[in-house]
Amino acid sequence: MTAAIEVRAVEKRFGNVGIIRDLNLSIAQGERHAIIGPNGAGKSTTFNLISGHIKPTSGEVRLNGDVISGLQPFEINRRGLSRSFQVTNVFARMTVWENVRSAVLWATGHRYAFWKNVDSLPEVRERTARILEDIHLTHRRDVPAGLLTYAEQRELEIGITIAGGATVVMLDEPTAGMSHAETERAVSLIRRLTEGRTLVIVEHDMSVVFGLADRISVLVYGHIIASGTPEEIRRDPKVREAYLGEEAH
Amino acid sequence: MTTATTSVSGPAANAAGENLRFYGVWLAGVIVLIVLPLVFSSGGSLTSFSLIGIAIVFALSYNILLGQTGLLSFGHAVHYGLGGFTACHVMNAIVSHGWPIPLPFIPLFGGLGGLGFAILVGWLMTKRAGTVFAMISLGIGELVASSSLILRSVFGGEAGITTDRTALPRMFGWTFGPQIQVYYLIAFWLVVSAIAMYALTRTPLGRISNAVRDNPERVQFIGYDPHVVRYLAYCFAGFFAGIAGGLAAISFEIANSAYLGAIQSGLVLFATFIGGTAYFFGPILGAILVTYLQLGLTSVTSVWQLYFGIIFIGIVMFSPGGIAGLVMMHRPLLRAGSLWTVIPSYLVAIVPTVALACGVILVIETIARHSGGEASAINLFGIAFNPKSPATWIAAAVLVAGGFVIARLTWRRVGEAWDRAATVARDRGYLA
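So, how was this worked out
- Residues numbered from 1 in each chain as written.
- Chains lettered and ligands numbered in written order.
- Predicted model: local features only at pLDDT ≥ 70, side-chain atom pairs only at ≥ 80, totals over all residues.
- Helix = DSSP H or I, 4+ residues; strand = E, 2+ residues; numbered from the N terminus.
- Buried ≥ 20, exposed ≤ 12 C-beta atoms within 10 Å, placed from the backbone.
- Contact = placed C-beta atoms within 7 Å.
- Core = buried A, V, L, I, M, F, W, Y, C linked by C-beta atoms within 7 Å.
- Pairing = 2+ DSSP bridges.
- Axes fitted to C-alpha atoms, helices over the stretch in contact; angles between N-to-C directions.
- Right-handed = clockwise from strand over helix to strand, strands pointing away.
- Domains from an automatic or database assignment.
- Nonpolar A, V, L, I, M, F, W, Y, C, P; charged D, E, K, R; others polar.
- Parallel < 35°, antiparallel > 145°, perpendicular 65-115°, else oblique.
- Left-handed = near helix turned anticlockwise from the far one by under 90°.
- Expected span 1.5 Å × (residues − 1).
- Bend = angle between axes of the 7 residues up to and from the residue.
- pLDDT = per-residue confidence, 0-100.

Novice: Can you explain the overall build of chain A? Please cite residues and give values.
Specialist: Helix and strand content of chain A: nine helices and 10 strands. Each principal axis of the C-alpha distribution contributes one length, and for chain A these read about 55 × 40 × 35 Å. Burial analysis of chain A (249 residues in total) assigns 45% to the buried set.

Laid out in structure tokens, this is it:
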């Protein structure tokens with residue numbers, strides 16, 4: 001089976017500074033894969049490289065076997081890869097309903113249509129309503145997204161990310177800044193919503209990582225030093241030294 | 001709208017009453033347009049109404065860019081002007097070739113003129129939003145405006161291109177000589193354009209334009225190319241601006257370089273912003289007010305632009321949502337029934353505010369007359385002030401200083417009353 005995401009020898013330099021060096025990563029279809037690593041290791045840059053937000057200096061990224069490095073973010077998104085952002089990144093002046101609906105429109109084939117009434121597209125409406133149910137924001141549907149609480153905005157962020165029906169979902173620190181109770185809620189939400197999809201997640205909270213991931217990759221200074229099951233990662237001496245060891249102190 | 005009643009939980013779910021009110025507002029607008037010239041039938045007011053109608057179409061087209069898509073253009077008049085020139089050339093061609101196209105179809109050609117240029121330059125212009133777009137729009141605006149004086153065969157130089165609207169084939173026996181017939185022609189196109197532009201906001205493209213306005217980066221990650229969205233929005237804006245230009249060409253029977261220039265571009269930005277960009281009806285209010293002021297102020301003061309500037313600054317500073325934003329702010333309070341608690345404080349605050357405004361007007365007019373070497377009396381609400389008399393200066397100083405101090409105090413009271421009323425509205429669930 002072809003891997004959902006295959007990163008081969010990717011490098012990213014900003015000027016003379018190499019942020020990512022010889023990055024190799026393979027994520028199987030249907031897998032829940034966590035990327036961990038100390039601050040500044042290049043986790044978000046890795047996300048940006050895969051999702052097309054920035055272009056690699058060299059190397060290639062494949063999505064379901066097709067090369068996607070060099071494509072525009074919207075082209076990659078149309079091929080079934082969707083991502084969220086570490087900093088909440090919603091449409092602030094639009095309502096919760098409109099936020100999710102915007103993310104449904106391309107996938108339902110309405111694209112740039114200017115001859116259809118957006119309110120009378122049954123499949124769009126049903127899908128939007130279902131996602132609002134899923135992210136528990138139905139009661140906030142008419143509130144502008146900018147007025148939601150932080151935790152609600154994070155849930156909306158996840159809703160927008162999965163709304164288009166992407167097969168590969170990438171979440172960048174979805175529980176950052178959340179309380180313990182909110183984190184638990186978010187994790188069960190993520191688990192439920194990514195059922196049957198490939199999930200790539202960057203996360204600092206180790207209980208989230210070890211509770212959710214099938215496999216984990218450890219990124220240190222722009223290079224993956226270990227990749228394996230949570231058990232393997234926990235036992236890996238390199239990882240203990242570079243990362244988990246530091247955390248434990 | 002047909003599936004609204006069967007909806008599971010769409011926005012139109014609780015819609016029957018809302019729909020009725022929605023169509024009621026539009027119907028009321030149409031009735032006003034029909035009845036208006038019957039109430040005010042003088043030639044002067046018919047001309048004013050015609051100008052206001054054109055300004056509304058133009059301002060609504062501008063808001064497709066500014067309010068809907070978040071594009072600040074300093075050169076929107078280019079499409080208006082090219083629409084006007086296209087309309088004039090088409091009208092002249094119809095007359096000389098004897099084509100069977102009557103006048104009411106002309107604005108459509110104006111629209112195509114505006115659209116054509118938008119298709120041509122829009123792709124390059126909308127590559128980036130923000131400052132880059134604003135600067136390019138300014139450049140294109142100046143480029144076209146100066147070309148219009150150089151390319152004489154197309155733009156007619158200083159004189160412009162003239163035409164005769166009555167020479168076209170008639171429709172329903174209307175010659176379109178009398179202003180009343182022109183008014184109804186403009187009113188018809190106003191209604192058609194307004195409905196079309198409103199409908200546009202309710203389409204997938206319209207909503208994605210809002211998303212591009214709010215967050216162009218994120219749009220890329222839900223499958224959309226923000227450049228394409230901006231380009232399409234730009235083309236629509238150009239089309240409707242062209243219709244407005246075509247209507248102007250019909251109304252004035254001329255198109256000249258003033259149509260395309262920076263002043264015209266500035267006026268439409270001004271009207272749209274003052275009216276309020278966040279609501280569809282905002283630019284309508286703005287276009288009415290600005291056109292009305294433009295017509296009214298020019299006859300009472302020589303420094304009318306100064307007043308425009310003051311109004312603009314006032315709106316930007318104190319009500320960035322424009323008139324529409326100001327009006328809509330009161331809606332949750334009205335629904336919660338707490339609006340009446342604010343009104344007394346408004347009434348109190350208005351008195352010193354008007355006094356302050358009168359003082360400012362006296363100061364401006366006195367200075368204007370002194371520097372202009374004029375000595376005519378300043379007429380304010382029927383009271384004549386002698387610009388050379390120290391009594392006038394003292395009155396102005398007292399009004400400005402006293403009005404300012406008291407206005408500050410009373411507006412603070414308004415703020416407090418407002419907070420209390422808003423708390424009530426919040427408790428009753430009408431305000432988020």
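Novice: Any chance you could break down the overall build of chain B for me, citing the residues and the numbers?
Specialist: Looking only at helices and strands, one finds 17 helices and four strands in chain B. In terms of overall dimensions, chain B has a C-alpha envelope of 70 × 65 × 45 Å along the principal axes. In chain B, of all internal contacts separated by at least 6 residues, the share reaching a separation of at least 24 is 78%.

Novice: Go over the nonpolar core, please, and point to the residues and values.
Specialist: Residue and element names in this part refer to chain B. Counting residues in each nonpolar core, the largest one holds 165 residues, and the members touching the most others are A55, V57, F58, F240 and A244. Element by element, the count of residues in this core is highest for helix α10 (residues 226–252), at 18 residues. Those residues in contact with V57 that sit more than four places away from it in its chain are W189, L190, S193, F240, I243, A244 and L247. The next biggest cluster of nonpolar side chains, apart from the first, holds six residues, and it includes L356, I361, L362 and L399.

Novice: Outline the sheet that holds strand β8 (residues 198–202) of chain A, listing residues and values.
Specialist: Residue and element names in this part refer to chain A. Read across the open sheet, the six strands follow the order β6-β7-β8-β3-β9-β10; overall the sheet is mixed. For this open sheet the edge positions go to β6 (81–83) and β10 (223–228), each flanked by a neighbour on one side alone. Going across the sheet, the axis of each strand differs from the next one's by a mean of 15°, ignoring polarity. Two elements, strand β3 (residues 32–36) and strand β9 (residues 215–220), share four bridges in a ladder whose sense is parallel. The residue bridging H33 from the neighbouring strand is R215, located in β9. Sitting on the sheet, helix α1 (residues 43–51) touches β3, β6, β7 (168–172), β8 and β9, and the angle it makes with β7 is about 150°. The sheet strands contacting helix α5 (residues 150–163) are β6 and β7, and the helix crosses β7 at an angle near 160°.

Novice: Run through the interface of chain A and chain B, naming residues and quoting values.
Specialist: Taken together, the contact pairs 39 residues of chain A with 33 residues of chain B. Take the side of chain A that touches chain B: its biggest share by element is five residues, from helix α3 (residues 96–105) of chain A.

Novice: Give a description of the environment of P144(A) that names residues and reports values.
Specialist: By secondary structure assignment, the location of P144(A) is in the loop between α4 (122–134) and α5. Placed 44 residues apart in sequence, P144(A) and V100(A) show a C-alpha to C-alpha distance of 12 Å.

Novice: Describe unusual backbone geometry, and please don't skip the residues or the numbers.
Specialist: With glycine set apart, most residues show a phi of negative sign, and most peptide bonds adopt trans. Notably, E173(A) is not glycine yet its phi reads approximately 45°, a positive angle. Accessibility expressed as a C-beta count within 10 Å gives 21 for E173(A), which makes it buried. A positive phi angle, close to 60°, is found at F176(B), a residue other than glycine. With respect to the element layout, F176(B) can be found in the loop between β1 (161–162) and α7 (179–201). F176(B) gets classed as buried once you count the C-beta atoms within 10 Å, which come to 21.

Novice: Can you lay out the sheet that holds strand β4 (residues 58–63) of chain A for me, pointing to particular residues and giving the numbers?
Specialist: Residues and elements named next belong to chain A. Pairing is antiparallel across the open sheet formed by four strands, whose spatial order is β2-β1-β4-β5. The open sheet is flanked by β2 (17–27) and β5 (66–67), the only strands paired with a single partner. The pairing of β4 with β5 spans two bridges and is antiparallel. The residue bridging L63 from the neighbouring strand is D66, located in β5.

Novice: Can you tell me about the pairing of β8(A), naming the residues and giving the values?
Specialist: Residue and element names in this part refer to chain A. Counting buried positions over the five residues of β8 gives five, a clear majority of the element. Because side chains alternate across β8, one face comprises the buried residues T198, V200 and V202, and the other comprises L199 and I201, equally buried. Two strands pair when backbone bridges link them, and β3 and β8 are joined in this way by four bridges, in the parallel orientation. Looking at β8, one finds that I35 is bridged to V202. Sheet topology places β7 next to β8; five bridges connect them, and they run parallel. In the sheet register, M170 faces β8, and the bridge partner there is V200. The parallel pair β7 and β8, bridged by helix α6 (residues 180–193), forms a crossover whose chirality is right-handed.

Novice: So what's going on with the domain arrangement of chain B? Residues and values would help.
Specialist: Residues and elements named next belong to chain B. Splitting chain B by domain gives domain 1 (15–306) and domain 2 (331–427). Summarising the inter-unit geometry, the C-alpha centres of domain 1 and domain 2 are found 34 Å apart. Taken together, the four residues of domain 1 in the interface contact four residues of domain 2. Residues that form the side of domain 1 that touches domain 2 fall into these classes: two nonpolar, two polar and no charged.

Novice: Before we move on, can you summarise the packing of helix α11 (residues 262–275) of chain B against helix α13 (residues 304–318) of chain B with the specific residues and values?
Specialist: Residues and elements named next belong to chain B. Remark: α11 packs on α13, axes separated minimally by 10 Å, with the N-to-C direction vectors making an angle of 40°. The orientation of α11 relative to α13 falls into the category oblique. In the packing of α11 onto α13, the handedness of the crossing is left-handed. Counted together, F270, F273 and I274 of α11 and F308, I311, F312 and I315 of α13 form the full contact between these two elements.

Novice: Run through helix α2 (residues 43–69) of chain B, naming residues and quoting values.
Specialist: All names here are of chain B. For α2, built from 27 residues, the straight-helix expectation of 39 Å at 1.5 Å per residue is met to within 8% by its first-to-last C-alpha distance of 38 Å. The largest bend along α2 reaches roughly 45° and is located at N63. Taken across its 27 residues, α2 has 22 buried, putting it largely inside the fold. Backbone geometry just after α2 places G70 at a positive phi near 75°.

Novice: Tell me what's going on with the pairing of β7(A), and back it up with residues and numbers.
Specialist: Residues and elements named next belong to chain A. In terms of burial, β7 is a largely internal element, five of the five residues being buried. In β7, alternate side chains face the same way, and those of V168, M170 and D172 on one face and V169 and L171 on the other are all buried. Bridging between β6 and β7 involves three bridges; their strand directions are parallel. Note that in β7 the partner of S82 across the bridge is V169.

Novice: Outline the environment of N379(B), listing residues and values.
Specialist: Residues and elements named next belong to chain B. Mapping N379 onto the fold places it in strand β3 (residues 378–380). Judged by C-beta crowding, with 11 C-beta atoms within 10 Å, N379 ranks as exposed. A C-alpha to C-alpha distance of 19 Å links N379 and F308, two positions 71 residues apart in sequence.

Novice: Pulling in residues and values, what's your account of the confidence of the model for chain B?
Specialist: The predicted coordinates should not be examined in detail at positions where pLDDT is low. All names here are of chain B. Overall, the predicted model of chain B reaches an average pLDDT of 92, with 97% of residues at or above 70. Element-level pLDDT for chain B is lowest in β3, with a mean of 82, against a maximum mean of 98 in α10. For residues 1–13, every residue scores under 50 in pLDDT, and the model assigns this stretch 21 contacts once sequence neighbours within four places are set aside. Under the prediction, the complex receives an ipTM of 0.94, its pTM being 0.93.

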